[in-house]
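Next come the chains, spelled out residue by residue.
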Amino acid sequence: MDGIKYKWMAPFSEHFRYRFHTGMVAWGAHRLTGIGIVIFIVVHIWSISHLGSGADSFNTVMALYNTPLFKVGEIILYGTILFHALNGLRIISVDFFGGARYHKKLFWGLMAVGVILFLIGVWTMLNRAIPMNV
Amino acid sequence: MEIVLQIRRFNPEKDKKPFWQPFRINADPTWKMLDCLMHIKNEMDGTLTFRKSCAHGICGSDAMKINGKSTLACQRLVRDYKAGKFVIEPLPGFPVIKDLVVDFDCFFDKLRKVLPWFINDDPAPADSERIQSPEQAEKILESVKCILCGSCTSSCPSAWMNADYLGPAALLKAYRFIADSRDRAAGERIRIVNDHDGAWRCHTIFNCVEACPKEINVTDHIARLRLEIFSRKI
Amino acid sequence: METIVHDVVIVGAGLAGLGAALEVGVDPTIDVAVISKVVPMRSHSGAAQGGIAAALGNEEEDYVEWHIFDTVKGSDYLADQDIAEFLASEAPRAIRELEHWGAPFSRTSEGKIAQRCFGGHTSEHGKAAVRRACYCADRTGHIILHTLYEQNWRRGVRFYSEFNVLSLIIEDRVCRGVVVYETATGELKVIRAKAVMFATGGYARAFHITSNAHANTGDGIALAYNAGAPLEDLEFVQFHPTGLWKMGILVTEGARGEGGLLINGNKERFMERYAPTVKELAPRDMVTRAIQTEINEGRGINGEDYVYLDLTHLGRAALEERLPEITSFAKIYMGVDPAKDPIPIQPTAHYAMGGIPVNKNCEVEADNKGNLIGGFYAAGECSCVSVHGANRLGCNSLLDAMLFGRRAGVSMRNFMRSGPALATWPKSAEDKAAQKVAKLLASTGKEKVSTLRQNLQGEMKNRCGIFRNAADLKGLLARFGEFADRYDRIGITDRGKIFNTELLEAIELGNMITYSRVIVEGALARAESRGAHYRTDYPKRDDANWMKHTYARRGVDGKTLLDYKPVAVTSYQPMERKY
């Protein structure tokens, strides 16, 4: 392949720059959300592992999670998992149930479902996060 | 109407690297992109080089990347591009020989790997064709449309990243024979595509489906291929 | 210049060339190679749509004898009848073998090869249309081409892909080999062989509106002519009735076979007037003249130069299943959905009935007396056996190419078995080709290849087209001197060695001028109307004087020498052609 230094640059390089389609966006987003979820799991295991060090150390870590930054992070995490799970369903459909024939409709349909679930979830999360009475 | 085509040029006898060259032409909206290229070659720059033959989407010679998408230059008309922008490049992922002409050797080598020919060495019926029901014929109807133009494989990011990936075209061809009720080498082909650089390298990106000028749903066929592998291996 | 030696060299990788390679390859001791100017599966055989004819009788009663008669009558009695007999009787076996090689034909409910109606194919000598065309949707040529190529690939046949033949060397009536140009490197090579076969296809790119690929520049026909071989019946050019308006892209006859109707500007199904029995399924030359007459007499749509092909009554399902390719052409190129609207069509230059004359064994004839050129074979559209005479029936071309291609292969295999010696290479025979290339690469003339080519194509369409007359033909003939002069003054800008398509186009233009002249000469001399050749000044068929084949040879001073040979008549005496 000429004109690019590393293969991963391919979709972005001047020569390769390929038009994005639904399928390619879904694939790319699935990979990114996958990495995101892995990072989350590592952080999660790290934080839960503090249970082994006693209640104080665990509570300190949990206190972190009450900060606004992490609350936003939780919302983003929720969206990430939603996307990855729903698109995962789409991929399973493509693999086993002939979903390739209508993969775009499947994608947008599942995303619509995802948006609804996301909004409900965020509303629930915010309600719990903002204390009703101090 | 006046349009500007940005064409990716490269003459190995003169240029060190490829470069963009703009051409301003007066084109009719019903002109194919191929007509635009021929107009440039005839009237402005005779060195502009590209393959062409049937000029109506059946031979597959003029596959190239137009506005970021692998397609056939003879199937795209000027009026198809509402934005009025025209960026023409050779197929991505193939070595460039000159201007818009690329080297297809790797493509055909990959095809060869899946035994892309009918195999049935049983004695054929003497005075008749082998019987195949319309339903069985229907199963391969879509995959026999393939004109081996290279649009699919050239558009596949998996193919770009993995030099050994068989690619959509080869997998489609494998399916065409595996699913043909008259062929007898399905087992052998299944073994060949059941490889991490075979059917399993497809990540359902669907670029091939977007690119295919014959509107074959290649990913669907690769999915069917994987199900075939499952059902035979279990 | 590098010299390569093979036993058998086949030029052209369409149906005829690939069929021949398969037959030759049956004997693994023969060293065979196939040369193709395009990557083999890009050959124009793949563009054929409608079907391949054989009296299989899978859908309704049909007999070989009916097929023979239809072919002979369709040819306006110019076909050599023994050849037509051979074609029709070998057809069923050939199609079945093709299927055994894996060709994915469409199927009947019983699982046999499906067949559809096609123009000129009738039952009982013209009573009604009969289903004789074996098909795969409307991409029959494509699947056959790929099947034959795949079988060659399996066998590991050697291909010289993207090599153009520049010279054919014949001396003392023995073929010695060819000089080729390798497109990828710009190098010339000599390829010597004991047997050379031309399967180089048609020539309709010499006409402005054509269904043919850009590659169809009749190279083999011109080269054989320049090397001293005669050309037979070149004036018979088939204009296919239905090409997309202004683009020439083929809309298969199969569309009419499935029930499509031709409608003029007065919303009239005008074929009822011209061919009361079979109407739209009359032979191509009759339908073409009918359409052109309607256009010339002002009954085109809105008075313009096209009529409508109406498929709206077929329904979307039938269109998707049986005519998907042309449905997509209509949508992509004309913005027309055939399920909703009729398609604008006009006649388009399509097929060469004539070509390099060969006998029943595909051996090239040196003259009209049956003498042969040693070691030279031809088959397919570039040859003239003659099976199509003055007009070809649809679906007979794929059959002709495959069947006679294979037959040529058999002939060459038998020839090799007789242990022939490799003919000597005449000293400096390759120089002419090298000089031609060198001259073009150094050319600084002001004449553009594209301008001269467009002039030629326009003139051929207007003055040597569907309706011809002496004045037009004489006028056109007079221009060939000018064309030759202008060709000498051509200048190209690409001086490169790698993929110099500008050089190749210039060479192809030279070939086009060569054979176009022969077409015009033959058309001018033939003072009658027969099949696809129609003279408004001689509108009747004249069997007494003109039931004979034209043999054209290149004279010493470059003039065309015309001679004639009687038609072989076995069973059918010429009758008036009514449908």
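Residues numbered from 1 in each chain as written. Chains lettered and ligands numbered in written order. Predicted model: local features only at pLDDT ≥ 70, side-chain atom pairs only at ≥ 80, totals over all residues. Heavy atoms only, no water.

A.B. asks: In this structure, what is going on with the interface of chain A and chain B? I would like to understand it.
C.D. replies: The extent of an interface is frequently quoted as the accessible surface area lost upon association of the parts. Counting residues at the interface gives 27 residues for chain A and 33 residues for chain B. Across the chain A/chain B interface, buried area totals approximately 2800 Å², and carbon plus sulfur atoms make up 56% of it. At the boundary of chain A and chain B, one finds 4 salt bridges. For the interface between chain A and chain B, the tally reads 9 residue pairs in polar contact (both at pLDDT 80 or more). Contributions of two or more residues to the side of chain A that touches chain B are made by helix H1 (22–48), helix H3 (68–96) and helix H4 (103–129) of chain A. Per-element tally for the side of chain A that touches chain B: the top contributor is H3(A), with 5 residues. Residue composition of the side of chain A that touches chain B, by class: 12 nonpolar, 5 polar and 10 charged. (Contact = heavy atoms within 4.5 Å. Buried area = accessible area lost by both parts, 1.4 Å probe. Salt bridge = Lys/Arg side-chain N within 4 Å of Asp/Glu carboxyl O. Polar contact = N/O pair within 3.5 Å; in protein donor to acceptor, adjacent residues only side chain to side chain. Helix = DSSP H or I, 4+ residues; strand = E, 2+ residues; numbered from the N terminus. Nonpolar A, V, L, I, M, F, W, Y, C, P; charged D, E, K, R; others polar.)

A.B. asks: Is there a simple way to explain the pairing of strand E1 (residues 2–11) of chain C in this structure?
C.D. replies: In regular strands, side chains alternate between the two faces of the sheet. All names here are of chain C. Burial runs high along E1: 7 of the 10 residues are buried. Strand direction decides the pairing type here: E1 and strand E9 (residues 187–198), joined by 9 bridges, are parallel. Considered in E9, the bridge of His-6 is made with Ala-193. Examined bridge by bridge, E1 and strand E2 (residues 32–36) share 4 bridges and lie parallel to one another. Within the sheet, the bridge partner assigned to Val-9 lies in E2 and is Ala-33. (Buried < 20%, exposed > 50% of the residue type's maximum accessible area, 1.4 Å probe, protein only. Pairing = 2+ DSSP bridges.)

A.B. asks: What's the story with the sheet that holds strand E4 (residues 115–123) of chain C in this structure? I'm lost.
C.D. replies: Strand pairing within a sheet occurs via backbone hydrogen bonds; the two strands may be parallel or antiparallel. Residue and element names in this part refer to chain C. The 3 strands are arranged E3-E5-E4 in an open sheet whose pairing can be described as antiparallel. Two strands close off the open sheet at either side, each with one partner strand: strand E3 (52–53) and E4. Bridge analysis of E4 against strand E5 (residues 128–134) gives 5 bridges, and the strand direction is antiparallel. Residue pairing across strands places Ser-123 opposite Ala-128, the latter belonging to E5.

A.B. asks: Please clarify how unusual backbone geometry should be interpreted in this entry.
C.D. replies: Excluding glycine, residues mostly have negative phi values, and the peptide bonds linking residues are mostly trans. All names here are of chain C. Cis peptide bonds are those with omega within 30 degrees of zero, and the linkage from Val-385 to Ser-386 qualifies with 5 degrees. Locating Ser-386 in the fold gives a position in the loop between strand E18 (383–384) and helix H11 (396–417). Even without being a glycine, Lys-279 presents a positive backbone phi close to 50 degrees. Phi angles above zero are rare outside glycine, and Cys-362 is one such case at about 65 degrees. If you trace the backbone, Cys-362 turns up in the loop between strand E15 (356–357) and strand E16 (363–365). Cys-362 sits in the buried class, given a relative accessible area of 0%.

A.B. asks: In this structure, what is going on with empty space enclosed by the protein? I would like to understand it.
C.D. replies: In this approach a probe as big as a water molecule rolls over the atoms, and the regions it shows empty are the leftover space. All names here are of chain B. Enumeration according to the criterion identifies 12 cavities of 30 Å³ or more in this entry. As a volume, the second largest cavity reaches approximately 100 Å³. Every residue lining the second largest cavity is counted, 14 residues in all, and those nearest its centre are Cys-146, Ile-147, Cys-149, Cys-152 and Cys-212. Those elements that place two or more of their residues in the lining of the second largest cavity are helix H4 (151–155) and helix H6 (168–178). Its residues placed into classes, the lining of the second largest cavity shows 11 nonpolar, 2 polar and 1 charged. (1 Å grid on protein atoms, 1.4 Å probe; cavity = no way out; pocket = protein on both sides within 12 Å on 5 of 7 lines; lining within 4 Å. Points joined across faces, edges and corners; volume = space filled by probe spheres on them.)

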